[in-house]
Amino acid sequence: MTVDPAASDPTASFPRRQAATRRFTLGAPRRPTVSPDGRRVVLLRSRAGDDPVTCLWLLDVPSGQEHLLVDPRDLDVPGEEDLPPEERARRERVREQSGGIVEYALDAAGSLAVFVVSGRAFTVDLVPGASPEPLPVDGPVIDPRPDPTGARVAAVRAGTLYVHERATGTTHALAGPEDGDGPGVSWGLAEFIAAEEMNRYRGYWWSPDGSQLAVARVDDGPVSRWWIADPAHPDRRPTEMPYPAAGTANAVVDLVLVDLDGTRTAVDLGADTAYLADVAWSVHDMLVTVSTRDQRRVDVRRVDPDTGETTVAVEQTDDVWVDLVGGVPTHLSDGALVRCADRDDTRRLVVDGVPVTPAGLQVRGVADVDGDTVLFTASERPEDVTVWTWSRADGAVRLGPQYGVWSGRRAGGVTVLAGADLDSDGTRTTVLRADGSSVGVVSHAQSPGLVPQVRRVATDPGGPSVAVLLPHDHVAGSRRLPVLVDPYGGPHSQRVLASRGAFLTSQWFADQGFAVVVADGRGTPGRGPGYERAVFGDLATPVLEDQVAALHAAAEQVGDLDLDRVAIRGWSFGGYLAALAVLRRPDVFHAAVAGAPVTDWRLYDTHYTERYLDHPDMRPDAYERSSILHDPGTTAPARPIMLVHGLADDNVVAAHTLRLSSALLAAGHPHTVLPLSGVTHMTPQEVVAENLLLLQVAFLRDALG
């Protein structure tokens, strides 16, 4: 990957530097893992803040010394990454924008790492000076993983799962498509829905002793085929992809136990199961988490690895939906079952059926279990995500700062804390040793050179979380500022967080002469299950009402906001919300920039859409309320809209924008369409990302006058 010189040029514009540094994340440590004995921490980091090539590093915990294990540039691989399509799809699902070594997997002892670069898999011993060894598997592979003993490595190539025996150097195909299977059958890969919506990015799991694997067999045959074309290159064939839109068929996913000799045993996932959410296989149990299609029941089923038979260990039901929580189910060292459940309008940690965290502390996810200690993240206030431990001896205890956005990993009594706050740039990563001492992990990330000035705005109880940013040079009472509402506003994501990085782009817009209002309304996380579920059956009305309430609260408390000149911008759900705002409340919003907006929820995927709107055959009214394709003909006055969409987007496909543009044209509604050739949902290209910001500012200034 090439280095953009603007990344290290302090005179370059903020938009260019932000794009070139991947939002100032290059050079920052990420994805740490602690070895079970607590002596080693493995992590990823590029060698500089302008370096897009991620390397594998080792930190010796007792000495605090860091060692570069693998630099992909030293390997015998192409200079520019040549990724198989499955890996490109996986990176799109996880929103991975860096190159080099972006994932790795360890054996149970934390002494061997396996990783892939440009489709080639390598192993490396976790000792300073070790040399990586290529895995002798023909063709590009994806998701290589060692078995817990480190004796074998599995990987997927072209929908077939292979196992490599390290002692003999032999590799054989263990499970793959057979005669009679259709072209949509694969083994060992996560289907689109699992990766995009359930945070399951893998399709196979080793048994604790390395003698078996649980392998997902995915048949995409029933799924509708969509075609992603690049109109800028009419000589190229469109890309075919299975896309399960709301109300249509999902992939058929089976789980099969496969012995090393190829013997197969089917796992009973339950008669009503539509989704395989997770597999957790430890020395205590093999557990699978499955869900009905309407997501109102999620079962944790205990599997007998000899027969594939299952029994329900935990059944969770809800009249609206049951959330999937990362890191659970899992076990304490004595076998006690750890999971999460919603009680008292609080997501709580539950051990053997008993809630062990207090009401009001919203558990976000479980990171690790170290013996009888659970490491998890939780929120006392929605803008703060902090790290906690729970044990029978001490109960729930916060570990690390009280404010900011933090994450952690733990093993062998050693904890890695990583996070950010409003008082400093970037992220800080610290290793807490078992004896109470600590060592910092070096970050090479560049400083943005921009300090957000975040003002919190109070709202009524149950109202949205609101922040306002003004230009750095603004003097109170000197002038009235045009307003830019800058939300995401939908499920799974927050914008109002106690972290500088969350507000960098908003502050840059403010410094262009706007008062920027950022708000998290109903449907966003961190406030409790009831707040999130308030959008069930209607993804439009509550979220739009809360943005209007946030705007008015900001104007009352901050002042200098010109409510006769209000624009709104957003991407993805935020793009939907931006278009929704000017179409349904043109009395409040006077211009919009809608990036990659969902405009008709029947065109979005099953798992996400049906969770909030139910099946379209059951609740067509919910889809009508939430669609904006019929709004242009009823909007008065017609406010200007800029629609931006990547033509290579396989998540929110460009048809959303094109259909809205047609409806706007038919209604005589002024709008601009900016199609981005070759751009996906992430817009990772530096020049594209930079100029998108500049074009938005020019459009908004012209629209607001």
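Here, the structure is the one placed above.
Conventions we followed
- Residues numbered from 1 in each chain as written.
- Predicted model: local features only at pLDDT ≥ 70, side-chain atom pairs only at ≥ 80, totals over all residues.
- Heavy atoms only, no water.
- Pairing = 2+ DSSP bridges.
- Helix = DSSP H or I, 4+ residues; strand = E, 2+ residues; numbered from the N terminus.
- Buried < 20%, exposed > 50% of the residue type's maximum accessible area, 1.4 Å probe, protein only.
- Axes fitted to C-alpha atoms, helices over the stretch in contact; angles between N-to-C directions.
- Parallel < 35°, antiparallel > 145°, perpendicular 65-115°, else oblique.
- Contact = heavy atoms within 4.5 Å.
- Nonpolar A, V, L, I, M, F, W, Y, C, P; charged D, E, K, R; others polar.
- Phe/Tyr/Trp six-rings, centres within 6.5 Å; stacked < 30°, edge-to-face > 60°.
- Lys NZ or Arg CZ within 6 Å of the ring centre and 35° of its normal.
- Core = buried A, V, L, I, M, F, W, Y, C linked by side-chain atoms within 4.5 Å.

Trainee: Whenever I open this one, the sheet that holds strand 25 (residues 330-331) confuses me. Can you help?
Mentor: Within a sheet, neighbouring strands are paired by backbone hydrogen bonds and run either parallel or antiparallel to one another. Read from one edge of the open sheet, four strands run 25-26-27-28, paired in antiparallel fashion. Two strands in the sheet have a free side with no partner beyond their single neighbour: strand 25 and strand 28 (354-355). As paired elements, strand 26 (residues 337-343) and strand 27 (residues 346-351) share six bridges and run antiparallel to each other. Paired with Asp-342 across the strands is Arg-347, a residue of strand 27.

Trainee: Please clarify how the pairing of strand 17 (residues 225-228) should be interpreted in this entry.
Mentor: The two faces of a sheet get side chains in turn, since along a regular strand they alternate between them. Burial along strand 17 is one-sided: the residues Trp-226 and Ile-228 are buried and none of Arg-225 and Trp-227 is. Pairing analysis gives four bridges linking strand 17 to strand 18 (residues 239-242), with the strands arranged antiparallel. By the bridge assignment for strand 18, Trp-226 is matched with Met-241.

Trainee: So what exactly am I meant to see when it comes to helix 4 (residues 504-511) here?
Mentor: Given 3.6 residues per turn, any residue in an α-helix points the same way as the ones three and four places further on. Judged by how many residues are buried, helix 4 sits mostly within the fold: seven of eight residues are covered. Among all positions of helix 4, only Leu-504, Thr-505, Ser-506, Gln-507, Trp-508, Phe-509 and Ala-510 are buried. Positive backbone phi, at 110°, marks Gly-513, one or two positions downstream of helix 4.

Trainee: Hey, could you run me through the packing of helix 6 (residues 541-558) against helix 7 (residues 573-584) in this one?
Mentor: Two packed helices can be described by the angle between their axes and the distance between those axes. In the contact formed by helix 6 and helix 7, the axes pass within 10 Å of each other and the chain directions differ by 75°. Between helix 6 and helix 7, the angle falls in the class roughly perpendicular. Along the contact surface, helix 6 presents Val-543, Leu-544 and Gln-547, while helix 7 presents Phe-573, Leu-577, Leu-580, Ala-581 and Arg-584. Its residues assigned to classes, the contact of helix 6 with helix 7 comprises six nonpolar, one polar and one charged.

Trainee: Looking at this structure, how should I read the environment of Val-102?
Mentor: Mapped onto the elements of the fold, Val-102 is located in the loop between strand 5 (99-100) and strand 6 (104-106). Relative accessible area serves as the criterion here: at 2%, Val-102 is assigned to the buried category. Linking Val-102 and Phe-115, residues 13 residues apart in sequence, is a C-alpha distance of 8.3 Å. Here Val-102 is in contact with Arg-30, Arg-31, Leu-44, Glu-87, Arg-90, Arg-91 and Glu-96, once residues within four sequence places are set aside.

Trainee: Sorry if this is basic, but what is going on with the packing of aromatic side chains here?
Mentor: If you walk through the whole model with that rule in mind, you get 15 aromatic pairs. Relative to Tyr-604, the ring of Trp-601 lies with its centre 5.9 Å away and its plane at 85°, an arrangement referred to as edge-to-face. Here Trp-601 and Tyr-604 have matching classes, each one buried. Taken together, a centroid distance of 5.9 Å and an interplanar angle of 10° make the contact between Trp-601 and Tyr-608 stacked. Here Trp-601 matches Tyr-608 in class, with each residue buried. Three or more aromatic residues joined by ring pairs form one cluster here, namely Trp-321, Tyr-488, Phe-536, Phe-573, Tyr-576, Trp-601, Tyr-604, Tyr-608 and Tyr-612. The cationic tip of Arg-31 hangs over the ring face of Tyr-104; the distance from NZ or CZ to the ring centre is 5.6 Å. The ring of Trp-187 is capped by Arg-264, whose NZ or CZ atom sits 4.5 Å from the centre of that ring.

Trainee: Sorry, what's going on with the environment of Phe-589 here?
Mentor: Mapping Phe-589 onto the fold places it in the loop between helix 7 and strand 42 (591-595). Spatially, the C-alpha atoms of Phe-589 and Val-416 are 45 Å apart, while their sequence positions differ by 173 residues. Excluding residues within four positions of it along the chain, Phe-589 makes contact with Val-485, Leu-544, Val-548, Val-566, Ile-568, Ala-581, Val-582 and Arg-639.

Trainee: When you look at the nonpolar core in this model, what are you seeing that I'm missing?
Mentor: Here is a general trend for soluble globular proteins: nonpolar side chains tend to be buried in one another's company. Grouped together as the largest cluster of nonpolar side chains are 69 residues, with contacts concentrated most on Phe-589 and Trp-601. Top contributing element to this core by residue count: helix 7, with nine residues. When residues no more than four places from it in sequence are discounted, the contact partners of Trp-601 are Ala-246, Leu-539, Phe-573, Tyr-576, Tyr-608, Thr-609, Leu-613, Tyr-623, Ser-626 and Ser-627. Phe-14, Phe-514, Ala-591 and Leu-692 belong to the second largest nonpolar core, which has 28 residues in total.

Trainee: What exactly am I supposed to notice about unusual backbone geometry here?
Mentor: One can expect most non-glycine residues to show negative phi and most peptide bonds to be in trans. Cis geometry is adopted by the peptide bond preceding Pro-329, which originates at Val-328 and carries an omega value of 5°. Structurally, the position occupied by Pro-329 is in the loop between strand 24 (310-317) and strand 25. In the segment running from Ala-636 into Pro-637, the intervening peptide bond is cis, with an omega of -5°. Tracing the backbone through its elements, the reader meets Pro-637 in the loop between helix 9 (620-626) and strand 43 (641-646). You will see that Phe-24, though not glycine, has its phi angle at about 65°, which is positive. Its identity is not glycine, yet Asp-143 carries a phi of approximately 55°, on the positive side. Relative to the assigned elements, Asp-143 resides in strand 10 (residues 142-146). Residue Asp-143 is classed as buried on the basis of its relative accessible area, which comes to 15%.

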